[in-house]
Number of protein chains: 2
Amino acid sequence: MAEKIRWRAELDVRTTQAEPQPAGFTDVRATNLAVVLRHLRTNGPSSRAAIAASTGLNKATVSSLTGDLIDQRLLRETGSSGNRIGRPGTALALDGSAYAAIGIQVAADHLTALAVDFAGDQLLLWHRALSLSGGRAVAAIIALAQRAATRVRQQGRTVLGITLAVPGLVDEQGTVRLSPALGWSDLDLRGPVAGSLRQPGLVVTVANQAALAALACFRRQSNLTHAPGDGPAANGGPGARSDQAANGRLAPEGDLILVSGAAGMEAGVITGGRPLHGARGFTGQIGRFALGPAGSPTLADLAGVEPLVRRALPDFDPQSLTDLGPAVEQVAVLARAADAGALAALRDTGRHLGQGLAILANLTDPSMIVLGDHYATLAEWLVPAAEVELAAHLLAPAPARIVASELGSHAGALGAALSHLDRVDTGSLPTAV
Amino acid sequence: MAEKIRWRAELDVRTTQAEPQPAGFTDVRATNLAVVLRHLRTNGPSSRAAIAASTGLNKATVSSLTGDLIDQRLLRETGSSGNRIGRPGTALALDGSAYAAIGIQVAADHLTALAVDFAGDQLLLWHRALSLSGGRAVAAIIALAQRAATRVRQQGRTVLGITLAVPGLVDEQGTVRLSPALGWSDLDLRGPVAGSLRQPGLVVTVANQAALAALACFRRQSNLTHAPGDGPAANGGPGARSDQAANGRLAPEGDLILVSGAAGMEAGVITGGRPLHGARGFTGQIGRFALGPAGSPTLADLAGVEPLVRRALPDFDPQSLTDLGPAVEQVAVLARAADAGALAALRDTGRHLGQGLAILANLTDPSMIVLGDHYATLAEWLVPAAEVELAAHLLAPAPARIVASELGSHAGALGAALSHLDRVDTGSLPTAV
């Protein structure tokens, strides 16, 4: 009867984040700096009094913390606060002038580079053709990374980090373990890129493109609770929420799945506000889902973008292009013209996509499913059939909403850049420059 | 170009756990109390010096913290420390004498009650028959909960909490939203049980049985890094690990999936050391997975325990019992006797189970997959076929190990009880009695 239960040892960094760690005064200050940054990221420009009122920190502490952040050029004083909490006063805002972050998305035939400043404003968005043959792909990625870093530095900003977004399996050392879409295996991508960018403190990482696109969707949602523009924003109160609902825009959700069809078929999963990482980061490979007798088709066979294009466009030549974008646009044109073949192919794809989404939803219970890239382009025709299947296969009532991403084909690059702002906002502040 | 990115607002308790929160001195103390408890839970009895050395807290702080915990009867001084760090001295151990927690697992035809003391020692394990007909099920659950609480109190312990483990969808208010296995929908289970147990501070919760079983597997793993028994344990150093490996026992894993076949087909997912919760807690419904033409069989049809039993035992009468346990034992007897029909049914079930596990692994990248309850009984015959399918369908190299649970049919009840110790260990200390 006396059976001894003991707790597992803490083994790695990710796990220990879930476990209590010893805290001291230095940690308290780092935590509270992060609280202030996150408050401004979420709510827009606010007075010190409003920050104190919203966060529960006392005013003297807020003054001290914001003084440090201003010294570090992460915050700046701006005009008067539009914040409704407390009396109007000098407002503080995130300072975009000193730091920036870069994301580079790698697809089978092109690269996308995107940079944002620390305030989240987009600084550049470049597309470049890429050839995977001849072993020049890594050199092309390095050249683009260097050019983007140089441009950002010419604007007087320090680069916090560069993240490369790739389809397939990427390990924590930044090696692409297996990418069927790119034809790569065991390719060290982080090392050569990091080696080519000589700046102390610049962090280079590599991650899965769907996971980063999901992060971008997750972070971008809160945009929708604010008026757009660069000036001091009104605090997102009930009024702002109503406007947002009236515009048919999305409410923030902590449990979100993004489905990408641009490079094979992958999903990025955010659960409880965090990316689903798994043991090695090898998550989201939904294209491989299969059930039934030996040789049964996979989800990528049943609901992939390339099989859809082959079926909807009888004269489509798969040898002629690796980027499906133009073909997907052509399918949309046919569907708009009520072409029977295109509509049937879209219905069938939507139905199988819905089965795949039901598997995701039965397992992870998201509140929102976002169709990314090519699926977003075709969402108008895919979603009705997908919704029927999702509801039919889901045990739970009230299935997750299926929505189309508004981030276009560079969501992975955006998520890649934003990941570095996230890092600062959770307490990993850059050293002063 | 100037695109404003802002961060999502913090909306709910689960999400804010992932976001920075203001910290103060009270939080520091609560965090450090939790660090000490978790250290002893993981490592067994340790001296104050060893706790300080391992956690990085200074010795004076450890003395103060452990003094508080001894006053609260959560720790006790024991014999000399077997700890290898620091000189031998008075060892501290978790004190099981003052507090206990109860788990009650609800199945279609029986109840299981299990209690553990605060040190993790099992205090009681009871099975009771249950009839779901006639509306007396909730009364039977209440009666069992009261009897278990009374027994624990007679031993001089305060009950920290009671958790009910049920198959199906349970919401955060403790209402069973939908349980096909029990035939329940929108049944408030928490309210009546909490109302019948009048003790201030006693927490009553209801949760999914597979999720709780996964928690039990996750927590029980660390048992395996220690010698069994009640005395002071050696610290789990490299030597202990080798012994463990030599015994073929499991290493602790933060990314674990438990598959349960006892009531429908459900999975409990632990990712990064935390249960996968989703938006509403409606996770793990893997029996509903289906892919292919309309009317395609579900994973529960293909790999469920009841279809297996029907096929392996031609004279099985499904009307005669709701508990599949005896039939599953009979299948194991036939398989041991090399019965061709039973072996073919097991191979086929194992193959389809492997497809289901590949879906789980492609999406979540676990390092360990645990077969629970009936699947554990039949693991010897299911695992070989399942491993082949898992490797064939998984994109990633080196698939997760598939292992059989050693926790028997009451893993849900054990996880239910352990969840309350978890709560204390993460800083929610009981008020002194």
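For every chain, the first residue of the written sequence is number 1, and numbering continues from 1 onward in sequence order. As they are written, the chains are lettered A onward and the ligands numbered 1 onward, keeping that order. In keeping with the model being predicted, local features are shown solely for residues with a pLDDT of at least 70 and side-chain atom pairs are shown and tallied solely at 80 or more, while totals for entire chains, interfaces and linings include all residues. Working from all heavy atoms in the structure, the side-chain values ignore hydrogens and water.

Chemist: Please clarify how the overall build of chain A should be interpreted in this entry.
Modeler: Each helix is a run of DSSP H or I of at least 4 residues and each strand a run of E of at least 2, with the numbering of both proceeding from the N terminus. On a plain count of helices and strands, chain A comes out with 15 helices and 16 strands. Buried positions account for 58% of the 433 residues belonging to chain A. Roughly 16,100 Å² of accessible area belongs to chain A as shown, and the carbon and sulfur atoms make up 53% of that amount. For the exposure calls, accessible area comes from a 1.4 Å probe over protein chains only, and a residue counts as buried if that area is under 20% of its type's maximum, exposed if over 50%, partly exposed in between. Residue burial considers only the protein chains on display, and all accessible areas are found by Shrake-Rupley using a 1.4 Å probe.

Chemist: Explain the sheet that holds strand 12 (residues 256-260) of chain A here, please?
Modeler: Whenever strands of a sheet pair, they do so through backbone hydrogen bonds, lying parallel or antiparallel. All names here are of chain A. The sheet built from 5 strands is open, its strands ordered 14-13-12-15-16 with mixed pairing. The strands lining the two open edges of the sheet, one partner per strand, are strand 14 (274-275) and strand 16 (401-404). Two strands are said to pair when DSSP picks up at least two bridges between them. Here 5 bridges tie strand 12 to strand 13 (residues 266-271), and the two strands are oriented antiparallel to one another. When the bridges of strand 13 are listed, L256 appears paired with I270. Packed onto the sheet, helix 7 (residues 209-220) meets strand 12, strand 13 and strand 15 (368-371) and runs at close to 45° relative to strand 13. The criterion used for residue contact is that any of the two residues' heavy atoms lie within 4.5 Å. For helices, the fitted line uses only the C-alpha atoms of the stretch in contact; every axis is such a line through C-alpha atoms, and the angle between N-to-C directions lies from 0 to 180 degrees. Contacts from helix 12 (residues 340-364) reach strand 12, strand 15 and strand 16, with the element oriented near 150° to strand 12.

Chemist: It is not clear to me how helix 10 (residues 305-312) of chain B should be interpreted in this structure. Could you clarify?
Modeler: Two residues of an α-helix separated by three or four positions point the same way, owing to the 3.6 residues in each turn. All names here are of chain B. Considered for burial, the residues of helix 10 that qualify are V305, L308, V309 and A312. Along the axis of helix 10, the buried residues cluster in a sector spanning 95°; they form a single face. Tucked inside the fold, the buried residues of helix 10 contact helix 9 (299-303), helix 11 (325-336), helix 12 (340-364) and helix 13 (373-377). In this description, one arc is meant: the one made by directions from the helix axis to the C-beta atoms.

Chemist: For this particular structure, what's the right way to read the pairing of strand 5 (residues 110-117) of chain B?
Modeler: Walk down a regular strand and you will see the side chains alternate between the two sheet faces. All names here are of chain B. Summarising burial for strand 5: 7 of the 8 residues are buried, a large majority. As paired elements, strand 4 (residues 99-106) and strand 5 share 7 bridges and run antiparallel to each other. The residue of strand 5 that forms the bridge with A101 is V116. The loop that links strand 4 with its antiparallel partner strand 5 comprises 3 residues.

Chemist: Before we go on, may I ask you to explain the packing of helix 12 of chain A against helix 12 of chain B in this structure?
Modeler: In helix packing, the relevant descriptors are the interaxial angle and the interaxial distance, both defined with respect to the helix axes. For the pair helix 12 of chain A and helix 12 of chain B, interaxial distance at closest approach is 12 Å and the crossing angle is 80°. Classified by the angle their axes make, helix 12 of chain A and helix 12 of chain B are roughly perpendicular. From helix 12 of chain A, I359(A), L360(A), L363(A) and T364(A) reach across to helix 12 of chain B, where they touch I359(B), L360(B), L363(B) and T364(B). Under the scheme applied, nonpolar residues are Ala, Val, Leu, Ile, Met, Phe, Trp, Tyr, Cys and Pro; charged residues are Asp, Glu, Lys and Arg; polar residues are all the others, including Gly. Here the residues of the contact of helix 12 of chain A with helix 12 of chain B are counted per class, giving 6 nonpolar, 2 polar and no charged. Here the angle decides the label: under 35 degrees means roughly parallel, over 145 means roughly antiparallel, 65 to 115 means roughly perpendicular, and every other value means oblique.

Chemist: Please clarify how the sheet that holds strand 5 (residues 110-117) of chain A should be interpreted in this entry.
Modeler: All names here are of chain A. Reading across the sheet, the 5 strands line up as 6-5-4-7-11 and stay open at both edges, with mixed pairing between neighbours. In the strand order of this sheet, the two ends are held by strand 6 (122-129) and strand 11 (203-208), each with one partner. Direction aside, the axes of adjacent strands within the sheet are offset by 15° on average. As defined by bridge partners, strand 5 adjoins strand 6 across 7 bridges and the pair is classed as antiparallel. Bridging from a neighbouring strand, A113 pairs with W126 of strand 6.

Chemist: Looking at this model, I keep getting lost on the confidence of the model for chain A. Mind explaining?
Modeler: For any part of a model where pLDDT is low, the fine detail of the predicted coordinates should not be relied upon. All names here are of chain A. The score called pLDDT rates the predictor's confidence residue by residue, from a low of 0 to a high of 100. Looking at chain A, the pLDDT average stands at 85 and 83% of residues meet or exceed 70. Here residues 1-19 is a poorly scored stretch, pLDDT under 50, and it has 77 contacts once near neighbours within four places are set aside; other chains count. Low pLDDT (under 50) marks residues 223-251, which in the prediction has 49 contacts with non-local residues, meaning those over four places away or in another chain. Across the whole predicted complex the pTM is 0.87, and at the interface the ipTM reaches 0.87.

Chemist: Quick question: what am I supposed to make of the packing of aromatic side chains here?
Modeler: In this description, an aromatic ring pair is defined by two values, namely the gap between the centres and the angle between the planes. Centres within 6.5 Å make a pair out of two Phe, Tyr or Trp rings, where for Trp the six-membered ring is used; the pair is then stacked when the planes are under 30 degrees apart, edge-to-face when over 60, and tilted otherwise. Taken as a whole and judged by the stated rule, the model has 0 aromatic pairs over all chains. Cation placement over rings: the criterion is NZ of Lys or CZ of Arg within 6 Å of the ring centroid and within 35° of the ring normal. The positively charged end of R41(A) is found above the aromatic ring belonging to F118(A), 4.6 Å away from the centroid.

Chemist: Can you walk me through the pairing of strand 9 (residues 175-179) of chain A in this structure?
Modeler: Residue and element names in this part refer to chain A. Of the strand pairs in this sheet, strand 8 (residues 169-170) and strand 9 are connected by 2 bridges, and their pairing is antiparallel. From the neighbouring strand, L169 faces strand 9, where its bridge partner is L178. From the end of strand 8 to the start of strand 9, which pair antiparallel, there are 4 residues, and G174 there has a positive phi angle of about 85°. For strand 9 and strand 10 (residues 184-188), the ladder comprises 4 bridges, and the chain directions are antiparallel. Across the sheet, the residue bridging to L178 is S185, located in strand 10. A loop of 4 residues connects strand 9 with strand 10, the two strands running antiparallel in sequence, and G183 in this loop sits at a positive phi of about 70°.

Chemist: Just to check I follow, could you spell out the side chain of E266(A) for this structure?
Modeler: All names here are of chain A. Its location among the elements puts E266 in strand 13. In this tally, Asp and Glu contribute negative charge and Lys and Arg positive charge; neither His nor the terminal groups of the chain are included. Any carboxyl oxygen of Asp or Glu within 4 Å of a side-chain nitrogen of Lys or Arg constitutes a salt bridge here. Summary of buried charges: E266 has no salt-bridge partner, and the nearest side chain of opposite charge, R288, is 10 Å away. Here a polar contact is taken to be a pair of N or O atoms separated by no more than 3.5 Å, where protein atoms must pair a possible hydrogen donor with a possible acceptor and residues adjacent in sequence count only if both atoms sit in side chains. At 2.7 Å, the side chain of E266 and the backbone nitrogen of G168 are in polar contact. Within the local environment of E266, its side chain forms a polar contact with the side chain of N208, the two groups lying 3.1 Å apart. Ignoring any residue separated from it by four or fewer positions in sequence, one finds E266 in contact with P167, G168, N208, Q209, A210, L258, V259, S260, G284, Q285 and I286.

Chemist: Mind showing me how you'd approach the side chain of T283(B) here?
Modeler: Assignment of secondary structure puts T283(B) in the loop between strand 14 (274-275) and helix 9. Within the local environment of T283(B), its side chain forms a polar contact with the backbone oxygen of L276(B), the two atoms lying 3.3 Å apart. Once you skip the residues sitting within four places of it in the chain, T283(B) turns out to touch N362(A), L363(A), T364(A), D365(A), L276(B), H277(B) and G278(B).

Chemist: Just to check I follow, could you spell out the pattern of salt bridges for this structure?
Modeler: Side chains carrying opposite charge are able to pair once their charged atoms draw close together. Applying the stated criterion to the full structure yields 22 salt bridges over all chains. As a salt-bridge pair, R41(B) and D425(B) come within 2.7 Å of each other at their nearest N and O atoms. Of this pair, R41(B) sits in helix 2 (residues 25-43) while D425(B) sits in helix 15 (residues 411-425); the two residues are 384 residues apart in sequence, bridging distant segments of the chain. Judged on exposure class, the residue R41(B) and its partner D425(B) are both buried. As a salt-bridge pair, R310(B) and E306(B) come within 2.5 Å of each other at their nearest N and O atoms. With R310(B) and E306(B) both in helix 10 and 4 residues apart, this pair spans about one turn of that helix. By relative accessible area, which is 44% here, R310(B) ends up partly exposed. What emerges from the salt-bridge pattern is a single network uniting R311(A), D348(A), R351(A) and E389(A).

Chemist: Could you clarify how one ought to interpret the nonpolar core in this entry?
Modeler: Across soluble globular proteins, nonpolar side chains show a tendency to be buried alongside one another. Ranked by size, the top nonpolar core spans 102 residues in total, and within it V259(A) and V259(B) carry the most contacts. With residues up to four places along the chain from it excluded, the contact list for V259(B) reads M265(B), E266(B), A267(B), I286(B), L353(B), L357(B), L360(B), I369(B), V370(B), L371(B), G372(B) and Y375(B). Residues grouped as a nonpolar core are buried Ala, Val, Leu, Ile, Met, Phe, Trp, Tyr and Cys residues, joined through side-chain atoms within 4.5 Å.

Chemist: Help me understand helix 4 (residues 59-71) of chain B in this model?
Modeler: Residue and element names in this part refer to chain B. A helix is expected to span 1.5 Å for every residue after the first. Across its 13 residues, helix 4 extends 18 Å between first and last C-alpha, which sits within 8% of the 18 Å expected from 1.5 Å per residue. Listed in full, the buried residues belonging to helix 4 are V62, L65, T66 and L69. Along the axis of helix 4, the buried positions cluster into a sector of 95°, meaning they face one direction only. In helix 4, the exposed positions angled more than 90 degrees off the buried face are occupied by A60 and D71. A distance of 3.1 Å separates the backbone nitrogen of A60 from a side-chain oxygen at the start of helix 4, and that oxygen is part of N58. R73 occupies a position one or two residues after helix 4 and carries a positive phi of about 65°.

Chemist: What is the right way to read the environment of G44(A) from this model?
Modeler: Inspection of the secondary structure puts G44(A) in the loop between helix 2 (25-43) and strand 1 (46-47). Spatially, the C-alpha atoms of G44(A) and L94(A) are 8.1 Å apart, while their sequence positions differ by 50 residues.

Chemist: Help me understand unusual backbone geometry in this model?
Modeler: Most peptide bonds take the trans form, and the phi angle of most residues other than glycine is negative. With a phi close to 45°, D186(A) is a non-glycine residue in the positive phi region. Residue placement: D186(A) occurs in strand 10. Look at D186(A) and you get exposed, because its relative accessible area is 53%. One non-glycine residue, D365(B), lies in the positive phi region at around 50°. Structurally, D365(B) can be placed in the loop between helix 12 and strand 15 (368-371).

Chemist: Which parts of the structure should I look at to understand the packing of helix 10 (residues 305-312) of chain A against helix 12 of chain A?
Modeler: Residues and elements named next belong to chain A. For the pair helix 10 and helix 12, the least separation of the axes is 8 Å and the interaxial angle reads 155°. When the axes of helix 10 and helix 12 are compared, the pair comes out roughly antiparallel. For the crossing formed where helix 10 meets helix 12, the hand is right-handed. On the side of helix 10, the interface is formed by L308, R311 and A312, while helix 12 contributes A342, A344, A345, L346, D348 and T349. When its residues are assigned to classes, the contact of helix 10 with helix 12 shows 6 nonpolar, 1 polar and 2 charged. The hand of a helix crossing depends on one turn: near helix anticlockwise from the far one by less than a right angle means left-handed, and clockwise means right-handed.

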